[in-house]
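Spelled out, the chains give:
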Amino acid sequence: MTTLMEFKNVDVHYGPIQALKGVSLTVEEGEIVTLIGANGAGKSTLLMSIFGQPRISSGEIIYRGEDISQKSAHYVASHGLAQSPEGRRIFPSMSVEENLLMGTIPIGMDHAEEDMQHMFGLFPRLLERRNQRASTMSGGEQQMLAIARALMSRPKLLLLDEPSLGLAPIIVKQIFQILKDVASTGMTIFLVEQNANHALKLANRGYVMVNGEIRMTGTGEELLVNPEVREAYLGGH
Amino acid sequence: MSQAVGINFKKSSIDALIAGFMALVLFGPIVGVVLDGYGFNTEFGKVAWMIAAVAIGRFAVSSFLQTEKGIAMAFRYANNNDGVEVLPPGHKSKMVWVIPLVIVIGLLVPFIASKYILTVIILGLIYVLLGLGLNIVVGLAGLLDLGFVGFYAIGAYGLALGYENLGLGFWSMLPIAAIMAAVAGAILGFPVLRMHGDYLAIVTLGFGEIIRLVLTNWASFTHGPNGVSAPLPTFFGLEFKRRSRDGETFHEFFNIPYDSAYKYMFIYIVLFAVVWAVLFIKHRLVKMPIGRAWEALREDEIACRSLGLNHVLVKLSAFMLGASTGGLAGVFFATYQGFVNPSSFTFFESALILAIVVLGGMGSTLGVVIAAFCLTVLPEMLREFAEYRVLMFGILMVVMMIWKPRGIVRVTRTGFAARKGVVK
């Protein structure tokens, strides 16, 4: 296995406040890696820093052998990193199809039709609603759309920020099933989640973040049975 | 909406009575009392007619709104769910035949209309250009710009000062002024890229005022409040003056008597062509990736960034295109007035242009065109009520925001589809 993305001693500051403290982690090709942690631990900051928002104050973010920490967001996006942002962030007045087409911005529309069919295969619900305005869909459908939109740029690495946010448990289950399907096509996924139970069951490896530091790391199963993790994130039973 | 359908005539009658009373209050003094020298005559008959017409009309509307069809219509208006109506990709409007009709009528206008009407229409078209320019910035890209008049001023002063200092005429300044305004748009756009909403509005407001203050106070260059005269366009080198010091004039060349209306006819035709060109360009841009990017940026900036959209480029292009359209409008304004001074470029103009965009429906081209004409031609026609102009704008705005918050013409756009995929 080759390393796709690596954080090396990354610090991030928001003014005087340090949000990330010497974070190091790796994502190998073909893996599902999850980062779990409580509110305000710095998970979203870590994900956004890949796109340079905010810029890291020290350290390196190596993606396929290149330091991308000072690159612009569109450079990163057009080199195989796609993100489904926190809170879905779909375009409410655009139809499902148009939302998907917006996902092709980094690579151009050459494969749009073909990839869209592929997405409709993965997410049959989106096919039913392809001409519907995105704002009229349910939260789960919107989340599917956000993931599909990210996949439209043919990424090497899919970054997901809390896909379970604000969704009913049964929908969360569906979303994670879909992520499993996506992963089985060979996609590398880096998943940031608060829903530790689902995330750790899905992931090959996991990192636990507390107050801007990586506290623990291990395979998904190891962390799932780890008493400390169970105490903090899984309700202690 | 499945309530029993039955017309409640009592309710309709009350509505009609209230409307009649309002009409009495409104029309009574305006129509019923006619000044005659130092005294006045009362015309109760006329007032009664008007009140009757209003009351009967209100009764009819009230009754209609209680029928099944009326309820459906009222529901449609009340339920103006936000956002854009999206038509299926490849949708062809049935109204396409209107375009050639409008062009033909438009080309006939200068030959039938009087000189006065022609000048009013020219002013209307100038505001159409301004509205279309601001529509790109505010309506499409969602960047609230309160200083749009700055670009208008740059275009107008570009023509006047370019002629005075460099001897450049209308035709050379038309493209140069557009470029100058676009550069100014970029200069304004660059520092405000990180701002949104209110902050952006304040900065752009300041920009508009800076331009006006510079024009007022830099007297050695702009002649300050005295203004500068601006040249007329030439018809292949022929001037529209009564007499020309260098070469022939238009009427001498064609051997027709001099008429000051010719220059307005010519300005009108050029302006008409430019408006159509801008309409066409805008129509194409909206369908291009840049148009999609503007709309996406308006809808959700964070999503755009996470998709790797180059928001610097997208915002700047919106600013620059909008500004260059404003610059074009300025050139026409200067040549039409023959004179520019800073008092034409106050904040009120910015507010007026913004009102055109908001009333027309943000992002809607047709709406902007209609609103531009309404807001410029109507005040000309209602000259007697000139003092109440701003008051009427205010009332119009309030009424529109209550009943048609999406503007006169709600934005509809054709959905975009993928190009045929290239399967490799």
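Please read all numbers here as calculations on a predicted model, not as lab measurements.

Caption draft 1: Spotlight on the pattern of salt bridges. All names here are of chain A. In total, this model carries 15 salt bridges over all chains according to the counting rule given. In this structure, Glu114 engages Arg154 in a salt bridge whose closest nitrogen and oxygen atoms are separated by 3.5 Å. On the criterion of sequence distance, the pair formed by Glu114 in helix α4 (residues 112–122) and Arg154 in the loop between α6 (139–151) and β7 (157–161) is long-range, its members being 40 residues apart. Note that Arg129 and Glu141 form a salt bridge whose closest N and O atoms lie 3.0 Å from each other. Separated by 12 residues along the polypeptide, Arg129 in the loop between α5 (124–128) and α6 and Glu141 in helix α6 bring together distant segments of the chain. Judged by its relative accessible area of 22%, Arg129 is partly exposed. Glu141 sits in the buried class, given a relative accessible area of 4%. It is possible to trace a salt-bridge network through shared partners that takes in Arg125, Glu128, Arg129 and Glu141.

Caption draft 2: Representation of the domain arrangement of chain B within the structure. Under the domain assignment used here, chain B contains domain 1 (2–79) and domain 2 (105–235 + 274–409). The C-alpha centroid of domain 2 of chain B is placed 38 Å from the C-alpha centroid of domain 1 of chain B.

Caption draft 3: How the structure looks around the environment of Leu159 of chain A. Residue and element names in this part refer to chain A. Inspection of the secondary structure puts Leu159 in strand β7. Residues Leu159 and Leu145, spaced 14 residues apart in sequence, show a C-alpha to C-alpha distance of 14 Å. Excluding anything up to four places from it in sequence, Leu159 contacts Leu47, Ile50, Phe51, Leu81, Ala82, Gln83, Ser84 and Phe190.

Calculation criteria
Residues numbered from 1 in each chain as written. Chains lettered and ligands numbered in written order. Predicted model: local features only at pLDDT ≥ 70, side-chain atom pairs only at ≥ 80, totals over all residues. Heavy atoms only, no water. Salt bridge = Lys/Arg side-chain N within 4 Å of Asp/Glu carboxyl O. Helix = DSSP H or I, 4+ residues; strand = E, 2+ residues; numbered from the N terminus. Buried < 20%, exposed > 50% of the residue type's maximum accessible area, 1.4 Å probe, protein only. Domains from an automatic or database assignment. Contact = heavy atoms within 4.5 Å.

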